[in-house]
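Structural overview
If you want the building blocks of each chain, they are given just below.
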Amino acid sequence: TCIRRSFVVTCGRDCSVRIWDYVQGTLQMVKYFPEEALSVALHPSGYHILVGFSDKLRLMNVLNDTLTPFKEFQIKNCRECKFSDGGQYFAAVHQATIL
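Counting from 1, residues in each chain are numbered in the order their sequence is written. Restriction of local features to residues with pLDDT of at least 70 applies here, the model being predicted, together with a cutoff of 80 or more for giving and counting side-chain atom pairs; totals for whole chains, interfaces and linings are based on all residues. For the side-chain quantities, the full set of heavy atoms in the structure was used; hydrogens and water were omitted.

**A closer look at a nonpolar patch on the surface**
The grouping of W20, L27, V30 and Y32 at the surface amounts to a nonpolar patch, some 350 Å² of accessible area in total. In this text, helices come from DSSP runs of H or I with a minimum length of four residues, and strands from runs of E with a minimum of two, each type numbered from the N-terminal end. Ranked by residue count, the leading element in the nonpolar patch is strand β3 (residues 26–32), at 3 residues. By secondary structure assignment, the location of L27 is in strand β3. Whether a residue is buried, partly exposed or exposed follows from its accessible area with a 1.4 Å probe, protein chains only, as a fraction of its type maximum: under 20%, in between, or over 50%, in that order. Given the relative accessible area of 37%, L27 is considered partly exposed. What makes a patch is a set of residues exposed beyond 30% relative accessible area and free of salt bridges, joined within 9 Å when like-charged and within 5 Å when nonpolar (Val, Leu, Ile, Met, Phe, Trp, Tyr). Per-residue and other accessible areas follow the Shrake-Rupley method at a 1.4 Å probe size, with only the shown protein chains counted as cover for residues. We count a salt bridge whenever a side-chain nitrogen from Lys or Arg sits within 4 Å of a carboxyl oxygen from Asp or Glu.

Take a look at the structure:
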């Protein structure tokens, strides 16, 4: 969840990342990727997300109707990621290593 917007983000085995408005109970956005997302985290502002894939961790911008890639990190098989409460940091897990 995020502070400024009433959003939560999910990823599914259908290779989708979905952003939901939990107050209205509606789907705000869906984006399909060529591969399955392993983890997702929503920035406290609601304007950025982290998406972990088998090859990279991607930081993406949340625009009105789409997600756009902003930066990629060479963190493979990231199965857990999280922004700090203020959003200035994030943590990502690869096997037993927290980065």
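Back to the text.
**Concerning the environment of D65**
Assignment of secondary structure puts D65 in the loop between β6 (57–62) and β7 (67–73). Taking the C-alpha atoms as reference points, D65 and Q28, separated by 37 residues in sequence, lie 8.1 Å from one another.

**Comments concerning the pattern of salt bridges**
Taken as a whole, this structure holds 4 salt bridges when the rule is applied. Taken together, the salt bridges that share partners define one network made up of D55, K56, R58 and E72.

**So, the packing of aromatic side chains**
The geometry of an aromatic ring pair is captured by two quantities: the separation of the ring centres and the angle between the planes. Under the pairing criterion, centres of Phe, Tyr and Trp rings, with the six-membered ring standing for Trp, must be within 6.5 Å; the plane angle then separates stacked pairs below 30 degrees from edge-to-face pairs above 60, leaving the rest tilted. Across all of its chains, the model carries 3 aromatic pairs by this definition. A ring pair is formed by F33 and F53, whose centres lie 5.2 Å apart and whose planes are at 65°; its orientation type is edge-to-face. Here the residue F33 occupies a position in the loop between β3 and β4 (39–42), and F53 occupies one in the loop between β5 (48–52) and β6, the gap between them amounting to 20 residues. When its relative accessible area of 13% is taken as the criterion, F33 is described as buried. We classify F53 as buried; its relative accessible area is 1%. Residues F83 and F90 carry aromatic rings whose centres are separated by 6.2 Å and whose planes lie at 70° to one another, so their mutual orientation is edge-to-face. The rings of F73, F83 and F90 are connected pair by pair, giving a single aromatic cluster.

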